[in-house]
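# Coordinate inspection notes
So you can see what is in the structure, the chains are spelled out below.
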Amino acid sequence: MPDLRNILESKITQVILALLFAVFAGNWLLGKVPVQSPVLLSGAFVGYIILIAVFLAAKPVIQEIPFTTLLLYLLVFTSFLGAGILSIPAGPVTMFPYRMLYMVMVPVFLYLAFFQKEGLQWDKVKIKLALYFHLFWVLYALFSLSWTRSFSMGAVDLIFLVIGVSLIFFMVFFMKKEEEYIHVYWIWLVMFAVLTAVGLWNHVTHNHLAISRINLVAEYQKGIPTSVFVNENDFASFLSVSFFLVLAFVHRTKSWLLKAAGGAVMLVSLYVLVYTSSRANFIAIPLGLFFWFVFLTNRNVKKVLMLLGAAGGAALAVVYPSKLMAAVSKVEGMLVSLLTTNAPESEITSVDIRSNLIKNGWLFFERSFGFGIGSGNAKYYLMHFAEYPTKGIINVHNWWMEILVNYGAFIFIGYVLLYLWVILQLFHIFRQSHTRYEKMISEGLLGGMIAFSLSCISPSSQISLNYLWLLFAFSLSFINYWRVKQNEGSYRPMK
């Protein structure tokens, strides 16, 4: 069989990639506008030509990157956008850039696995147990379809699970060098800044992308930011997890200009986060900051931060006393509401609803004898068998509970143990590493993982959110890189 690497590096492939790039970007420019207009079609054609020219201009840089690595970078980049920028109905499913690239990545991965001896190096994988767990999870989810009440809901969740687990395998097998992790880290930082800016634009202008639920709410709610996500809770959880990657960058970079830029983005993200009104994330970020401050900073940094915090708080109290008090009161009010006691069904609060969702979920779990009700069926059970009132809310809104209810005790315990193991391994890498980049990456991922413990209870469901899988894929692949480096000394870190 012909060598896939030669095919992928051919001139024809480069032209095809340029055209694909132009189609993605061009469709984003066209959006929902009818394409029957000759003027619009002419403009689109010119746009395609310009985009192809840009792609070809970047060709010398792109050619230096292996095709599989470049494809992985594009997959990571588009994972942040989801269906927010481009969404094309295709029968029963919706296609957008991430899924399009995923459909290219899968056959490439399988070809290298089955037909290229040097394509995927299983002996370079030092986290085999973590990969085996994810494979077992997929198989268990597939088997659970045999006892689900709603096969269609189960199949949809299984597809999301397979796509998420696939990203973990892609990153573990394709990322082998420190500079590749730095590139992915930079992609995450840039996309965090972009999505934060979109969220600020949502809040200031009251305009939203077509995917946002805020398009359908009353005018007084139009200032709620959602960025490229469907709702504000998904966006808030993304902000709280990503916040710590920026924090680690600001902490470790030597450039004061970059420190200032990163600090500004962090402040804007916190401002935007307040207007999402996501209470779980108001706790997730302080929890992550506490962990970061206590375990990931040295004594000198602690002293400087305490002085800066005191000075900054005093300055805000003097210059903007009313705005500071208003912000504190807003956050305080939402956090105090977490302690609200149960109310009659006619006066049930959002906290009561979430509490009842957990009660219903636990009830479903018990009735399944610990095996779970089956892939993706929590929503179906809440629709038909809920015994505690949820006022029409039919999503669990708690990732930990979602895993327990759908997949049972075995998968839940395995996932919790994996989560704790990842945190311990990242902390070990942070303590043992000697390069600035390794410190930065492990520090950022650690903070994100700690915040994830609470941020994941905010969205209605996590399984379809790409940044969840990217966080775990990035962490697991980086742990694997570190273990290979320590065991074999085959990778040379950048100085």
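Residues numbered from 1 in each chain as written. Predicted model: local features only at pLDDT ≥ 70, side-chain atom pairs only at ≥ 80, totals over all residues. Heavy atoms only, no water.

Another aspect to go through is the overall build of the chain. The helix and strand inventory of the chain stands at 19 helices and 2 strands. Evaluated residue by residue, the chain yields a buried proportion of 50% over its 495 residues. A sequence separation of at least 24 residues applies to 73% of the contacts in the chain between residues at least 6 apart. (Helix = DSSP H or I, 4+ residues; strand = E, 2+ residues; numbered from the N terminus. Buried < 20%, exposed > 50% of the residue type's maximum accessible area, 1.4 Å probe, protein only. Contact = heavy atoms within 4.5 Å.)

Bringing the packing of helix H17 (residues 399-432) against helix H18 (residues 436-455) into the picture now. The geometry of a pair of packed helices is captured by two quantities: the angle between their axes and the separation between those axes. The geometry of H17 relative to H18 is characterised by a closest axis approach of 10 Å and an angle of 150 degrees between their N-to-C directions. Here H18 runs roughly antiparallel to H17, going by the angle between their axes. Regarding H17 and H18, the two cross each other, and that crossing is left-handed. Here Trp 399, Trp 400, Tyr 415, Tyr 419, Val 422, Ile 423, Leu 426, Phe 427, Ile 429, Phe 430 and Arg 431 of H17 come into contact with H18, specifically with Lys 439, Ser 442, Glu 443, Leu 445, Leu 446, Met 449, Ile 450, Phe 452 and Ser 453. A breakdown of the residues in the contact of H17 with H18 according to their chemical character gives 15 nonpolar, 2 polar and 3 charged. (Axes fitted to C-alpha atoms, helices over the stretch in contact; angles between N-to-C directions. Parallel < 35°, antiparallel > 145°, perpendicular 65-115°, else oblique. Left-handed = near helix turned anticlockwise from the far one by under 90°. Nonpolar A, V, L, I, M, F, W, Y, C, P; charged D, E, K, R; others polar.)

Before going further, it helps to examine the nonpolar core. Core analysis: the largest hydrophobic core is formed by 113 residues, its most contacted members being Trp 137, Phe 238, Tyr 415 and Phe 452. When near neighbours in sequence (up to four residues on either side) are disregarded, Phe 238 contacts Phe 80, Trp 188, Phe 192, Leu 195, Phe 229 and Tyr 467. Of all hydrophobic cores here, the second largest spans 12 residues; its members include Phe 364, Ala 378, Met 401 and Leu 404. (Core = buried A, V, L, I, M, F, W, Y, C linked by side-chain atoms within 4.5 Å.)

Another point: a nonpolar patch on the surface. Taken together, the side chains of Phe 136, Phe 143, Trp 147, Phe 369, Phe 371 and Phe 410 make up a nonpolar region of the molecular surface, amounting to roughly 720 Å² of accessible area. Positionally, Phe 410 belongs in helix H17. With relative accessibility at 54%, the residue Phe 410 sits in the exposed group. (Patch = residues over 30% accessible without salt bridge, like charges linked within 9 Å, V, L, I, M, F, W, Y side chains within 5 Å. Areas by Shrake-Rupley, 256 points an atom, 1.4 Å probe, with all protein chains shown as cover. Salt bridge = Lys/Arg side-chain N within 4 Å of Asp/Glu carboxyl O.)

Let's shift gears to helix H12 (residues 279-295). Compared with an ideal rise of 1.5 Å per residue, which puts 17 residues at 24 Å, H12 spans 25 Å between its outermost C-alpha atoms and is within 8% of the ideal. Of the positions making up H12, those classed as buried are Arg 279, Ala 280, Asn 281, Phe 282, Ala 284, Ile 285, Gly 288, Phe 291 and Trp 292. (Expected span 1.5 Å × (residues − 1).)

Along the chain, the position of Thr 276 falls in the loop between helix H11 (256-274) and H12. Overall, the relative accessible area of 3% leaves Thr 276 in the buried class. Of note is the side chain of Thr 276, whose polar atom sits 2.5 Å from the backbone oxygen of Leu 273. If sequence neighbours within four positions are ignored, Thr 276 has contacts with Pro 225, Glu 232, Phe 235 and Ala 236. (Polar contact = N/O pair within 3.5 Å; in protein donor to acceptor, adjacent residues only side chain to side chain.)

Summed over all chains, the structure comprises 4 salt bridges. Its salt-bridge partner being Glu 443, residue Arg 252 comes within 2.7 Å of it at the nearest N-O pair. Highlighted residues: Arg 252 in helix H10 (residues 232-252) and Glu 443 in helix H18, separated in sequence by 191 residues. On the basis of relative accessibility, which here comes to 1%, the residue Glu 443 falls in the buried class. One salt bridge in this structure joins Arg 367 and Glu 387, with 2.4 Å as the shortest N-O distance. Taken together, the residues span a long stretch of sequence, with Arg 367 in helix H15 (residues 350-367) and Glu 387 in the loop between helix H16 (378-384) and H17 at a distance of 20 residues.

Our next topic: unusual backbone geometry. Despite not being glycine, Ser 227 shows a phi value in the positive range, around 55 degrees. A positive phi angle is found at Phe 369, which is not glycine, with a value near 60 degrees.

Time to look at the packing of aromatic side chains. This structure, assessed with the given rule, holds 48 aromatic pairs. With a centroid separation of 5.9 Å and 45 degrees between ring planes, the pair formed by Trp 137 and Trp 469 is classed as tilted. Separated by 332 residues along the polypeptide, Trp 137 in helix H7 (residues 128-144) and Trp 469 in helix H19 (residues 466-488) bring together distant segments of the chain. Of the two residues, Trp 137 and Trp 469, neither departs from the other in class, the shared state being buried. Look at Tyr 181 and Tyr 481: their rings are 5.3 Å apart centre to centre, the planes differ by 40 degrees, and that puts the pair in the tilted class. Of this pair, Tyr 181 sits in helix H9 (residues 178-205) while Tyr 481 is found in helix H19, placing the two residues 300 residues apart along the sequence. For the pair Tyr 181 and Tyr 481, a shared accessibility class is recorded, and that class is buried. Grouped by ring-pair contacts, the aromatic residues Phe 80, Tyr 181, Tyr 185, Trp 188, Phe 192, Phe 229, Phe 235, Phe 238, Tyr 467, Phe 474, Phe 478 and Tyr 481 constitute a single cluster. (Phe/Tyr/Trp six-rings, centres within 6.5 Å; stacked < 30°, edge-to-face > 60°.)

This next bit is on the confidence of the model for the chain. Taken residue by residue, the chain gives an average pLDDT of 84. The fraction at 70 or more is 78%. Throughout residues 26-37 the model reports pLDDT below 50, and contacts reaching past four residues in sequence, or to other chains, amount to 18 contacts. Residue range residues 341-346 is modelled with pLDDT below 50. Its contacts to residues more than four positions away, or to other chains, number 8 contacts. (pLDDT = per-residue confidence, 0-100.)

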